[in-house]
Amino acid sequence: MVPGLQFRFDDSDQAARVNRLYDSLRSQSPQDAWLAAVCGLAEAKLESHTHGDLPRWRAALARLPATGPAAVLDGPVPELGAQAPDPESLRETLMELHPWRKGPLRVGGLLIETEWRSDWKWQRVASRLNLKGHRVLDIGSGNGYFGMRMLGAGARYVVGIDPTLVFVMQWLACRHFSGEIPNYVLPLGIEELPDTPVEWDTVFSMGVLYHRKNPLHHLERIYALLKKGGTLVLETLVLPKGREECLLVPGDRYARMRNVWGIPGIARLSGWVEEAGFSQAEVVDITPTTTLEQRSTDWMRFESLDQALDPQDRTLTVEGLPAPVRAVIVARK
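Residues numbered from 1 in each chain as written. Predicted model: local features only at pLDDT ≥ 70, side-chain atom pairs only at ≥ 80, totals over all residues. Heavy atoms only, no water.

Draft legend 1. Layout of unusual backbone geometry. The residue after H98, namely P99, is reached through a cis peptide bond having omega 5 degrees. Relative to the elements of secondary structure, P99 occurs in the loop between α4 (87-95) and β3 (105-107). Residue P104 is reached from G103 by a cis peptide bond, and omega for that bond is 15 degrees. By the secondary structure assignment, P104 is in the loop between α4 and β3. Residues other than glycine seldom take positive phi values, yet R256 does so here, at roughly 70 degrees. Checked against the element boundaries, R256 lands in the loop between β10 (247-248) and β11 (263-264). Taking the relative accessible area as the measure of exposure, R256 reaches 39% and is therefore partly exposed. (Helix = DSSP H or I, 4+ residues; strand = E, 2+ residues; numbered from the N terminus. Buried < 20%, exposed > 50% of the residue type's maximum accessible area, 1.4 Å probe, protein only.)

Draft legend 2. The arrangement of the side chain of T236 in detail. Mapped onto the secondary structure, T236 falls in strand β9 (residues 226-238). Apart from the residues lying within four places of it in its own chain, the contact partners of T236 are L209, Y210, L269, V325, R326 and A327. (Contact = heavy atoms within 4.5 Å.)

Draft legend 3. Local environment of the sheet that holds strand β7 (residues 183-186). With mixed pairing, 7 strands are arranged side by side in an open sheet as β7-β6-β5-β8-β9-β13-β12. On the outer flanks of this sheet lie β7 and β12 (279-288), each paired with one strand and no other. Taking each pair of neighbouring strands and ignoring which way they run, the sheet shows an average axis angle of 15 degrees. Bridging between strand β8 (residues 200-206) and β9 involves 6 bridges; their strand directions are parallel. Bridge pairing in β9 places T202 opposite T231. (Pairing = 2+ DSSP bridges. Axes fitted to C-alpha atoms, helices over the stretch in contact; angles between N-to-C directions.)

Draft legend 4. Expanded view of the pairing of strand β6 (residues 157-161). For β6, a buried count of 5 out of 5 residues is recorded, marking the element as mostly surrounded by other parts of the structure. Residues Y157, V159 and I161 line one face of β6 and the alternating positions V158 and G160 line the opposite face, and both faces are buried. With 5 bridges joining them, strand β5 (residues 135-139) and β6 adopt parallel strand pairing. Paired with L137 across the bridge in β6 is V159. Taken together, β5, helix α6 (residues 145-152) and β6 constitute a β-α-β crossover, and its handedness is right-handed. (Right-handed = clockwise from strand over helix to strand, strands pointing away.)

Draft legend 5. The sheet that holds strand β1 (residues 71-72), seen in detail. With mixed pairing, the 4 strands of this open sheet are ordered in space as β1-β2-β3-β4. Of all strands in the sheet, those bounded by a partner on one side alone are β1 and β4 (110-112). When β1 meets strand β2 (residues 79-80), the two strands line up antiparallel, connected through 2 bridges. Paired with V72 across the strands is E79, a residue of β2.

Draft legend 6. A look at the pattern of salt bridges. Inspection of the entire model under this criterion finds 23 salt bridges. Ionic pairing is found between D285 and R124, a salt bridge with its closest N-O pair at 4.0 Å. Of this pair, D285 sits in strand β12 while R124 sits in helix α5 (residues 118-126); the two residues are 161 residues apart in sequence, bridging distant segments of the chain. For the salt bridge of R175 with E180, the shortest nitrogen-to-oxygen distance reads 3.8 Å. (Salt bridge = Lys/Arg side-chain N within 4 Å of Asp/Glu carboxyl O.)

Draft legend 7. The arrangement of the packing of helix α8 (residues 215-225) against helix α9 (residues 266-275) in detail. Contact pair α8 / α9: the axes reach a minimum separation of 9 Å and the direction vectors enclose 45 degrees. Compared by their axis directions, α8 and α9 come out oblique. Read as a crossing pair, α8 and α9 show a hand that is right-handed. Across from P215, L216 and L219 in α8, the residues of α9 making contact are W272, V273 and E275. Residue classes in the contact of α8 with α9 are distributed as 5 nonpolar, no polar and 1 charged. (Parallel < 35°, antiparallel > 145°, perpendicular 65-115°, else oblique. Left-handed = near helix turned anticlockwise from the far one by under 90°. Nonpolar A, V, L, I, M, F, W, Y, C, P; charged D, E, K, R; others polar.)

Draft legend 8. How the structure looks around the pairing of strand β13 (residues 325-332). The element β13 is extensively covered by neighbouring structure, given that 7 of its 8 residues are classed as buried. Where β12 lies against β13, 7 bridges are found, and the strand directions are antiparallel. Considered in β13, the bridge of P288 is made with V325.

Draft legend 9. Fine view of the side chain of S178. Among the structural elements, S178 can be located in helix α7 (residues 165-178). Accessibility expressed as a relative area gives 8% for S178, which makes it buried. Contact partners of S178, with chain neighbours within four places excluded, come to P69, A70, A71 and L80.

Draft legend 10. Broad picture of the packing of α5 against α6. Viewed as axis vectors pointing N to C, α5 and α6 meet at an angle of 40 degrees, and their least axial separation amounts to 11 Å. Between α5 and α6, the angle falls in the class oblique. The way α5 lies across α6 gives a crossing that is right-handed. Facing S118, D119, K121 and W122 of α5, the residues of α6 in contact are Y145, F146, R149 and M150. Counted by class, the contact of α5 with α6 contains 4 nonpolar, 1 polar and 3 charged residues.

Here it is in structure tokens:
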């Protein structure tokens, strides 16, 4: 059973709250009121959550086999836990937490081939960063894959936030095998974080900006979360070469996604970063997304990028818009 995994408490016994899911995160900075408040918000949200799949997910977590905790985090495929005694049973249990989008991961000896080759994305940014000793906030963290890679690169601890509850369940499953490594995923969005002052060393925002109705406000919020001299790592969709100053507002859908509000050219994106107050902004990568990097697998059986592209012209989406290109900008406060 995952340490501290409780979603509901006996109201008649408030002492039960001592066994709180994020207590080990609180202990990273015991005097940090902001961190304590965020942990409380996350626990309260889990306690009161009414998602219809939550009982099934909790049952799956309870069935995870007991293996020795272990975590090897310095390679492209984080390896968590000792070999499970029954790989097929473990596979069936972890499939209850479908879809697995960020990875790859090896859990209890079982390879999880996720929708995204997130290791490719990490390789594009890792050489430009020094995370040793850093306190890192990862906005839109998913199941915590990138947090594991950040720890492998020397981060002190990583706090991921993602409002999608199944990703928190996946993180709990990973934590069952890894033990209490200082990588956390909280079921929160950036808009739920307290406005009180806080100073992170590094903030990642990968695959989030195009989902925000007001991208400049998102960047300004990150600016406020960073300490002076802190680092922003921003990864997002951009328009292809030749449309650097443009802004595409897709309307109903982009690549079958409903919640894409705007895709800028790289020059416009850089302008937003500077307008938010950042300096030393550097575009460190621009790469078209391919169906080798984002694809359907046994662990993510829904439609993926292949079904979102025009079958006759792979430079276009099925809506006739430019196919996905992603850029990474690193900037300082």
